[in-house]
Amino acid sequence: MNQPMPEVSPYLPRWAEISRIEDLTASEKLFEMHLVSGEPLGHKPGQFVELSVMGIGEAPISVSSPPRGDNSFELAIRKVGNLTNAVHSLNTGDTVGIRGPFGTHFPIEEAKGKNILFVAGGIGLIPLRSFIHFVLEHRDEYGDITILFGARNPSEQLFLDELEQWGKREDITYLETVDVPDPNWKGNVGVITTLFPKIDIDPSRTCCIVVGPPVMYRFVILEAKAKGIPDNQIFLSLERRMKCGVGKCGHCQINHIYVCQDGPVFRYADIFDLGEAL
Ligand SMILES: Cc1cc2nc3c(=O)[nH]c(=O)nc-3n(C[C@H](O)[C@H](O)[C@H](O)COP(=O)(O)OP(=O)(O)OC[C@H]3O[C@@H](n4cnc5c(N)ncnc54)[C@H](O)[C@@H]3O)c2cc1C
Ligand code: FES
């Protein structure tokens, strides 16, 4: 008699080997890695993994690449503390632990046939990049694409080559801004909401996808609503301190929701009652 196969435990990391490291800015690096055995990661854009370094710890990190047919995927990581400093000191060929993918994903199906307005602030571009690449790989299935990206200053802009390519494409609208320019900056200056008057969208056919620092959400949502985009067509990815990633420890809880399981991607209409907690 066949024994039922034990499910892979969500608490057990799989090993991934780092195959490429690229400096993005002074504090962010891109790590391409591949799972050394088993199935591909199988993530959807917007989901995250729990990344661990033996003897140091674990942290939630968004998958920044779109789904691929092989075992490889990309994480872009800002060095801020114990785990991320340890990851930044690793080299190609080193291995890390990966649990997941976890959490909800961006509305890849629901947005098909619609226009998409992507709004990324700072390292919010890391998770959004997965969905942007996915949409560009399936360009015919989506309508008008607009990408707004804001960084504090030009040296904090991530994925410079890709930003340049998006700016040149005729089938998307790409607008960028910085809060504080340097002497070489010739573009828009101001917070990301200063880009909204420059865009022309059909709100009834537009999904707005927002990822950025907490302070950005309230103001971007006001702009999106002022453009006429309904609450159920606005999606946000929330960041909270996490431990287990699977709804057991309560670290990520806000009122009645667990960000690790009910999110990190939420439809604004489902969470607008969180108010200040957003
Ligand atoms: C769903 C999700 C996706 C994410 N995706 C990414 C990603 O793609 N790339 C990325 O770079 N980051 C991402 N993050 C953020 C990342 O998980 C955190 O920055 C994580 O804390 C880094 O771990 P660390 O051990 O390096 O830093 P920590 O040692 O945890 O320190 C991080 C910062 O938090 C402060 N801190 C430490 N403990 C506490 C505490 N108890 N209360 C308040 N502040 C504290 C520290 O002083 C430091 O400034 C994501 C987070 C979430 C929830
Ligand atoms: S991180 Fe443990 S419940 Fe969400």
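What you see is a predicted model, and the numbers here were worked out from it, not measured in a lab. (Residues numbered from 1 in each chain as written. Chains lettered and ligands numbered in written order. Predicted model: local features only at pLDDT ≥ 70, side-chain atom pairs only at ≥ 80, totals over all residues.)

Structural notes on the domain arrangement of the chain
Working step 1: Entries for the chain in the domain assignment read domain 1 (14-102) and domain 2 (115-277).
Working step 2: Inter-centroid distance (C-alpha atoms) of domain 1 to domain 2 is 22 Å.
Working step 3: Taken together, the 19 residues of domain 1 in the interface contact 20 residues of domain 2.
Working step 4: If you list the elements that add at least two residues to the side of domain 1 that touches domain 2, you get β3 (48-53), β4 (57-62), β5 (72-78) and β6 (95-102).
Working step 5: Looking at which element gives the most residues to the side of domain 1 that touches domain 2, the answer is β6, with three residues.
Working step 6: Considering only residue class, the side of domain 1 that touches domain 2 consists of nine nonpolar, six polar and four charged. (Domains from an automatic or database assignment. Contact = placed C-beta atoms within 7 Å. Helix = DSSP H or I, 4+ residues; strand = E, 2+ residues; numbered from the N terminus. Nonpolar A, V, L, I, M, F, W, Y, C, P; charged D, E, K, R; others polar.)

Considerations on the sheet that holds strand β9 (residues 173-178)
Working step 1: Pairing within the open sheet is mixed, and its seven strands lie in the order β10-β9-β8-β7-β11-β12-β15. Two strands bound the open sheet, and with one partner strand each, they are β10 (188-189) and β15 (265-267).
Working step 2: Strand direction decides the pairing type here: strand β11 (residues 206-211) and strand β12 (residues 234-237), joined by three bridges, are parallel. Note that in β12 the partner of Val-210 across the bridge is Leu-236.
Working step 3: Where helix α2 (residues 125-137) meets the sheet, its contacts fall on β7 (115-121), β8 (145-151), β11 and β12, and the angle it forms with β7 comes to roughly 155°. (Pairing = 2+ DSSP bridges. Axes fitted to C-alpha atoms, helices over the stretch in contact; angles between N-to-C directions.)

Quick word on the site of ligand 1
Working step 1: With respect to spatial proximity, 20 residues lie near ligand 1, and among them Ala-59, Ser-62, Gly-81, Leu-83 and Thr-84 are the closest.
Working step 2: Per-domain counts for the shell around ligand 1 show at least three residues from each of domain 1 (14-102) and domain 2 (115-277). (Near = placed C-beta within 6 Å.)

So, the pairing of strand β1 (residues 14-23)
Working step 1: Here β1 pairs with β6 via four bridges, running antiparallel. Note on β6: the bridge partner recorded for Ala-16 is Val-96.
Working step 2: With seven bridges joining them, β1 and strand β2 (residues 28-35) adopt antiparallel strand pairing. Across the sheet, the residue bridging to Asp-23 is Lys-29, located in β2.
Working step 3: Where β1 folds back on β2, the antiparallel hairpin that results is connected by four residues.

A word on unusual backbone geometry
Phi is mostly negative for residues that are not glycine, and the peptide bonds are mostly trans.
Working step 1: That bond from Gly-100 to Pro-101 is cis: its omega, 15°, falls within 30 degrees of zero.
Working step 2: Take Pro-101: it is sitting in strand β6.
Working step 3: A cis amide bond links Gly-263 to the next residue, Pro-264, at an omega of 15°.
Working step 4: Structurally, Pro-264 can be placed in the loop between α5 (259-262) and β15.
Working step 5: Phi is positive for Phe-159, close to 55°, though the residue is something other than glycine.
Working step 6: Among the structural elements, Phe-159 can be located in the loop between β8 and α3 (160-168).
Working step 7: Even without glycine at this site, Asn-255 takes up a positive phi of about 50°.
Working step 8: Secondary-structure assignment places Asn-255 in the loop between β13 (253-254) and β14 (257-258).

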